[in-house]
Amino acid sequence: MKTTRRCRTLLSVSLNFFALFFSITAFITTYWCVGTQRVPKPKCSKLRTHQCIDYGVNETDPNKVVYSWETGDDRFLFRQFHTGIWFSCEENIHDESERCRSFIDLAPASEKGMLWLSLVSEMLYIVLLVVGFSLMCLELVHSSNVIDGLKLNAFAAVFTVLSGLLGMVAHVMYTQVFQVTVSLGPPDWRPYNWDYGWSFCMAWASFTCCMGASVTTLNSYTKTVIEFRHKRKTFEQSIREEHAREAFGYFRERSVHSISKSVEVYSSQSLRSGRKTPIPADSLDLSDIAASLGEEQC
């Protein structure tokens, strides 16, 4: 039982560790959503001659204006962007650097409350994962003591389930806030097309590992309780059987002792009086009667 319970605890600790690692990684990275933004091409200059619009004059004839015949999407640049819980970063069209802005400032005023609630839920999710992971590690230390292990197992299961629920709520609320920001956010930020990134996938992978750890922990608690009750029931049954054997032996010795005492009393009375005294049939067995008759004939 100890080996099986220890293996189940190790599995729970491993799943909780992966959930904690994925959640922290997703929380501090900015790749929850990725995509492209359509921005107008900048004006051409001496430093920038490509991917730009030239509004200058003809070098051979300064009186002639140079027109750009680009239409539709050709007049725009498509820059990459990636957004996390805290920041949104996009490419800088003038150089190779990135420009990052606070996603809290980009979100519409009607969604700021939900975004802050999502942030608080995400932080509580990580905190509860840390607490559950610590309790599971303590359970490994106290694996020899079944009662202490069961208490730690129960608390770890409760904290892990609560953390999973908070994580799910946080992820769903952030998704809703981002979708509203795509429609109502600043015009210079609104994506042309977008999709979920690897940070978002890690966040939901963390939730999956968290729920797997909670289910494994509850399963370990249930199995340990059932095994412990089965062993206690078997032990109590063996104790009752042992007491029954002792009681049977005790009454058997008492009955044999009473029979032998009755025989001794009968023999002494027969020798004194010289006459026979009837003996109850249930007080002697056939072997005692045969022995008594043999002695009288002699």
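- The protein chain is annotated in an unreviewed UniProt entry as Germ cell-specific gene 1-like protein from Seriola lalandi dorsalis.
- Recorded in UniProt for the protein chain, the comment headed Sequence similarities (unreviewed entry) runs: "Belongs to the GSG1 family."

### Digging into the UniProt feature "transmembrane region" (unreviewed entry) in the protein chain
Here is step 1 of the chain: In the numbering used here, UniProt assigns the "transmembrane region" (unreviewed entry) feature to residues 12-32, 123-142, 154-176 and 196-222.
Here is step 2 of the chain: The distance separating the terminal C-alpha atoms of residues 123-142 is 29 Å; by composition the span is 95% helix and 0% strand.
Here is step 3 of the chain: Split by type, residues 154-176 is 100% helix and 0% strand. Its first and last C-alpha atoms lie 34 Å apart.

### Quick look at the packing of aromatic side chains
Here is step 1 of the chain: This model, assessed by the stated rule, comprises 19 aromatic pairs.
Here is step 2 of the chain: Taking 5.9 Å as the distance between ring centres and 65° as the angle between the ring planes, the aromatic pair formed by Phe17 and Phe18 counts as edge-to-face.
Here is step 3 of the chain: Of the aromatic side chains, those joined through ring pairs into one cluster are Trp32, Phe81, Phe103, Tyr174, Phe178, Trp189, Trp194, Tyr196, Phe200, Trp204 and Phe207.

### A word on the pattern of salt bridges
Here is step 1 of the chain: Scanning all chains against the criterion turns up three salt bridges.
Here is step 2 of the chain: Between Arg101 and Asp188 there is a salt bridge, with its nearest N and O atoms 3.2 Å apart. Placement of the pair is Arg101 in strand S4 (residues 98-102) and Asp188 in the loop between helix H4 (146-184) and strand S5 (193-196), with a sequence separation of 87 residues.
Here is step 3 of the chain: Owing to a relative accessible area of 17%, Arg101 belongs among the buried residues under this scheme.
Here is step 4 of the chain: Salt bridges sharing partners connect three or more residues here, namely Glu90, Arg99, Arg101 and Asp188.

### What to know about the environment of Met211
Here is step 1 of the chain: With respect to the secondary-structure elements, Met211 resides in helix H5 (residues 198-273).
Here is step 2 of the chain: Residue Met211 is classed as partly exposed on the basis of its relative accessible area, which comes to 25%.
Here is step 3 of the chain: Each C-alpha atom of the pair Met211 and Leu165 lies 8.8 Å from the other, and the pair is 46 residues apart in sequence.

Reading the values: the criteria
Residues numbered from 1 in each chain as written. Predicted model: local features only at pLDDT ≥ 70, side-chain atom pairs only at ≥ 80, totals over all residues. Heavy atoms only, no water. UniProt positions renumbered as here; feature names shortened; annotations may be inferred. Helix = DSSP H or I, 4+ residues; strand = E, 2+ residues; numbered from the N terminus. Phe/Tyr/Trp six-rings, centres within 6.5 Å; stacked < 30°, edge-to-face > 60°. Salt bridge = Lys/Arg side-chain N within 4 Å of Asp/Glu carboxyl O. Buried < 20%, exposed > 50% of the residue type's maximum accessible area, 1.4 Å probe, protein only.

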